[in-house]
Amino acid sequence: MKFGVITPSANTVVQPEYDAMRPAGVTNHIFRMAVKNPPWSKDTDFVEIVRQMNVGLDDAVDQAMTCVPDHLVLGVSIESIWDGGVAASERLNERVEQRAGGSIKLTQAAKALP
């Protein structure tokens, strides 16, 4: 099975963590949402990072689809739970799955938690 894992470009932990958890027969293919890595000194810095991830998401999905993955994983919780709770995560799922052509599913933090 091939996972297309989408994560921010500044994130340095998702790839090694996912590879460490990966069962035999599964490959992780990492695709990045381009974000700058500003200082995290004020709330507006956080909001700007979320905005950059949102802008870069479609390109990352497009790149991920080039490896013909069996499933997509959003390897960042901010995008999944920020600004709107469950309803926002549903919209995000619809957006990504539609962008991916409608035949592939997405797993994200909001859906992975009970």
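**Student:** Tell me about the overall build of the chain, residues and numbers included.
**Tutor:** If you tally the helices and strands in the chain, you get 5 helices and 4 strands. Taken from the N to the C terminus, the helices and strands of the chain come in the order β-α-β-α-β-α-α-β-α. Computed over the C-alpha atoms, the radius of gyration of the chain is 14 Å, within 12% of the 13 Å expected from 2.2 N^0.38 for a compact globule of 114 residues. Principal axes of the C-alpha set define a box for the chain whose edges measure 45 × 30 × 30 Å. Within the span of the chain, comprising 114 residues, buried residues form 38% of the whole. In the chain, 69% of the contacts between residues at least 6 apart in sequence involve partners at least 24 apart. Summing over all exposed atoms, the chain offers an accessible surface of approximately 6600 Å²; the carbon and sulfur share of this is 56%. Charge centroids of the chain, computed over 11 positive and 14 negative side chains, lie 2 Å from each other.

**Student:** Which residues make up the packing of helix α2 (residues 43–65) against helix α4 (residues 85–99), and what are the values?
**Tutor:** For any two helices packed against each other, the geometry comes down to the angle between their axes and how far apart the axes lie. Packing of α2 against α4 brings their axes to within 9 Å, and their N-to-C directions diverge by 35°. Both α2 and α4 take part in a crossing whose hand is right-handed. Touching Asn54, Leu57, Asp58, Val61 and Asp62 of α2 are Leu92, Arg95, Val96 and Arg99, all from α4. Of the residues contributing to the contact of α2 with α4, the split by class is 4 nonpolar, 1 polar and 4 charged.

**Student:** Run through α4, naming residues and quoting values.
**Tutor:** Given 3.6 residues per turn, any residue in an α-helix points the same way as the ones three and four places further on. Look at α4: 21 Å from first C-alpha to last across 15 residues, which is about the 21 Å you get at 1.5 Å a residue. Along α4, the positions that sit buried rather than exposed are Ala88, Ser89, Leu92, Asn93, Val96 and Glu97. Buried residues along α4 cover an arc of 160° about the axis, so they all sit on one side. Away from its buried face by more than 90 degrees, α4 exposes Arg91, Glu94 and Gln98. Phi turns positive, to about 105°, at Gly101, one or two residues after α4.

**Student:** Could you give an account of the nonpolar core, with specific residues and numbers?
**Tutor:** Within the largest apolar cluster, 20 residues are counted, with the highest numbers of intra-cluster contacts made by Met33, Leu57, Leu72 and Leu74. Contributions of two or more residues to this core are made by β2 (27–33), α2, β3 (71–74) and α4. Setting aside its immediate chain neighbours within four residues, Met33 contacts Ile6, Thr7, Pro8, Ser9, Met53, Gly56, Leu57, Ala60, Leu74 and Val76.

**Student:** Describe the side chain of Gln52, with residues and values.
**Tutor:** Within the secondary structure, Gln52 is located in helix α2. Contacts of Gln52, omitting those with residues within four sequence positions, involve Ala34, Val35 and Lys36.

About the thresholds
- Residues numbered from 1 in each chain as written.
- Predicted model: local features only at pLDDT ≥ 70, side-chain atom pairs only at ≥ 80, totals over all residues.
- Heavy atoms only, no water.
- Helix = DSSP H or I, 4+ residues; strand = E, 2+ residues; numbered from the N terminus.
- Rg over C-alpha atoms; globule rule 2.2 N^0.38 Å.
- Buried < 20%, exposed > 50% of the residue type's maximum accessible area, 1.4 Å probe, protein only.
- Contact = heavy atoms within 4.5 Å.
- Areas by Shrake-Rupley, 256 points an atom, 1.4 Å probe, with all protein chains shown as cover.
- Lys, Arg positive; Asp, Glu negative; His and termini not counted.
- Charge placed at Lys NZ, Arg CZ, Asp CG, Glu CD.
- Axes fitted to C-alpha atoms, helices over the stretch in contact; angles between N-to-C directions.
- Left-handed = near helix turned anticlockwise from the far one by under 90°.
- Nonpolar A, V, L, I, M, F, W, Y, C, P; charged D, E, K, R; others polar.
- Expected span 1.5 Å × (residues − 1).
- Arc of directions from axis to C-beta.
- Core = buried A, V, L, I, M, F, W, Y, C linked by side-chain atoms within 4.5 Å.

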